[in-house]
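# Overview (structure and organization)
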There are 2 protein chains.
Amino acid sequence: MSTSWLDEVKWDGQGLVTAIAQDATSGRVLMVAWMNRESLLLTAQTGVAHYWSRSRNRLWKKGEESGHLQTVKELRLDCDGDVIVMQIEQAGGIACHTGRESCFYRVLNGGAWETVDAVRKDPASIYRPS
Amino acid sequence: MSTSWLDEVKWDGQGLVTAIAQDATSGRVLMVAWMNRESLLLTAQTGVAHYWSRSRNRLWKKGEESGHLQTVKELRLDCDGDVIVMQIEQAGGIACHTGRESCFYRVLNGGAWETVDAVRKDPASIYRPS
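All of these numbers come straight from a predicted model, not from anything done at the bench.

### Observations concerning the nonpolar core
Counting residues in hydrophobic clusters, the biggest one holds 66 residues, and the most contacted among them are Tyr51 and Met86 of chain A together with Tyr51 and Met86 of chain B. Among the elements of the structure, β1 (17–23), β2 (29–35), β5 (70–77) and β6 (83–90) of chain A together with β1 (17–23), β2 (29–35), β5 (70–77) and β6 (83–90) of chain B are those that each provide at least two residues to this core. Other than its neighbours up to four places away in sequence, Met86 of chain B contacts Ile20, Ala21, Gln22, Met35, Thr43, Ala49, Tyr51, Val72, Glu74 and Leu75 of chain B.

### So, the relation of the copies chain B and chain A
Between chain B and chain A, the superposition needs a rotation of 180° and an axial shift of 0.0 Å, giving an RMSD of 0.0 Å. As the rotation angle and translation indicate, the two copies are arranged about a two-fold axis. Rotation axis and chain B: the residue whose C-alpha lies nearest the axis is Gly27 of chain B, separated from it by 2.7 Å. An overlap of 100% is found between the interface residues of chain B and their copies at the interface of chain A, pointing to a shared contact surface.

### So, the packing of aromatic side chains
This model, assessed by the stated rule, comprises four aromatic pairs over all chains. Note on Trp113 of chain A and Trp5 of chain B: the rings are 5.6 Å apart at their centroids and 75° apart in plane angle, and the pair reads as edge-to-face. Of the two residues, Trp113 of chain A is situated in strand β8 (residues 113–115) and Trp5 of chain B in the segment before β1; the pairing between them involves two chains. The class of Trp113 of chain A is buried, set by a relative accessible area of 9%. For the pair Tyr51 of chain B and Trp60 of chain B, a centre-to-centre distance of 5.2 Å together with 40° between the ring planes defines the contact as tilted.

### Regarding the interface of chain B and chain A
One frequently used descriptor of interface size is the decrease in accessible area upon assembly of the parts. Facing 39 residues of chain B, the contacting portion of chain A comprises 39 residues. Its largest share of buried area at the contact with chain A, chain B owes to Arg76, Phe104 and Trp113 of chain B, together 22% of the area lost on that side. Taken together, the links from chain B to chain A amount to five salt bridges. For Arg76 of chain B, the salt bridge identified is with Asp117 of chain A, shortest N-O distance 3.1 Å. Applying the counting criterion to the chain B and chain A interface returns 16 residue pairs in polar contact (both at pLDDT 80 or more). At the level of secondary structure, the elements contributing two or more residues to the side of chain B that touches chain A comprise β1, β2, β5, β6 and β7 (106–108) of chain B. Among the residues forming the side of chain B that touches chain A, the class breakdown is 22 nonpolar, eight polar and nine charged. Here strand β7 (residues 106–108) of chain A runs beside β5 of chain B; their pairing, made up of two bridges, is antiparallel. Directly across from Val107 of chain A, in β5 of chain B, lies its bridge partner Arg76 of chain B.

Parameters and conventions
- Residues numbered from 1 in each chain as written.
- Chains lettered and ligands numbered in written order.
- Predicted model: local features only at pLDDT ≥ 70, side-chain atom pairs only at ≥ 80, totals over all residues.
- Heavy atoms only, no water.
- Core = buried A, V, L, I, M, F, W, Y, C linked by side-chain atoms within 4.5 Å.
- Buried < 20%, exposed > 50% of the residue type's maximum accessible area, 1.4 Å probe, protein only.
- Helix = DSSP H or I, 4+ residues; strand = E, 2+ residues; numbered from the N terminus.
- Contact = heavy atoms within 4.5 Å.
- Least-squares fit on C-alpha atoms with pLDDT ≥ 70 in both.
- Phe/Tyr/Trp six-rings, centres within 6.5 Å; stacked < 30°, edge-to-face > 60°.
- Buried area = accessible area lost by both parts, 1.4 Å probe.
- Salt bridge = Lys/Arg side-chain N within 4 Å of Asp/Glu carboxyl O.
- Polar contact = N/O pair within 3.5 Å; in protein donor to acceptor, adjacent residues only side chain to side chain.
- Nonpolar A, V, L, I, M, F, W, Y, C, P; charged D, E, K, R; others polar.
- Pairing = 2+ DSSP bridges.

Next comes the structure, spelled out in structure tokens:
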């Protein structure tokens, strides 16, 4: 497969693009992270979401520790070429490192961010080797 | 209403946060843009999406020219505090400056970005004064 499609992505100054993972069934936005050229290529080639971790400064296969892999059904690029939306299946039903389904578990309500989603699994049991 | 909730947002080096507009009914991601403190506050206060235009370097009330306003039903913040997801109603059914419903009209297919969504209205007729 040609990789010229990667050249149509408008990489930022750090060589990154914003990537949104959306649940392919429910449509819920589960998380937003960054991809570099290598991680986007790997995502397309393997069908499993790979990101670039800015905090750890390395390639990050989502779920590599937790097992919460993301199977990618579709990749879309926006008009500006600087944001990707992926339709995914989320293994374990947990995308957030807090043990919740989605990273977007806080709603603005009466002038405060209110946590409205439950923790599905204790993060200590997700990330501790069993 | 207190504005201390704005301090919980993790503004980047330019004082911006990523904002995702998602159709409240269909769940489709319509567009992604940036907000500064002022635009997020205005969005919350008025219930109409306001962004920060990086290209024009000014506050941008979405739809100010096209009439394609976005009525905001819900604002969520992610675990890191650096991305907002809004549930919106899109006036005119067009969020993209190309005249399409969504900015995400290109799908990766066989190693190329394929345009799969139709233009709903000619951009020339959207942005030209009638």
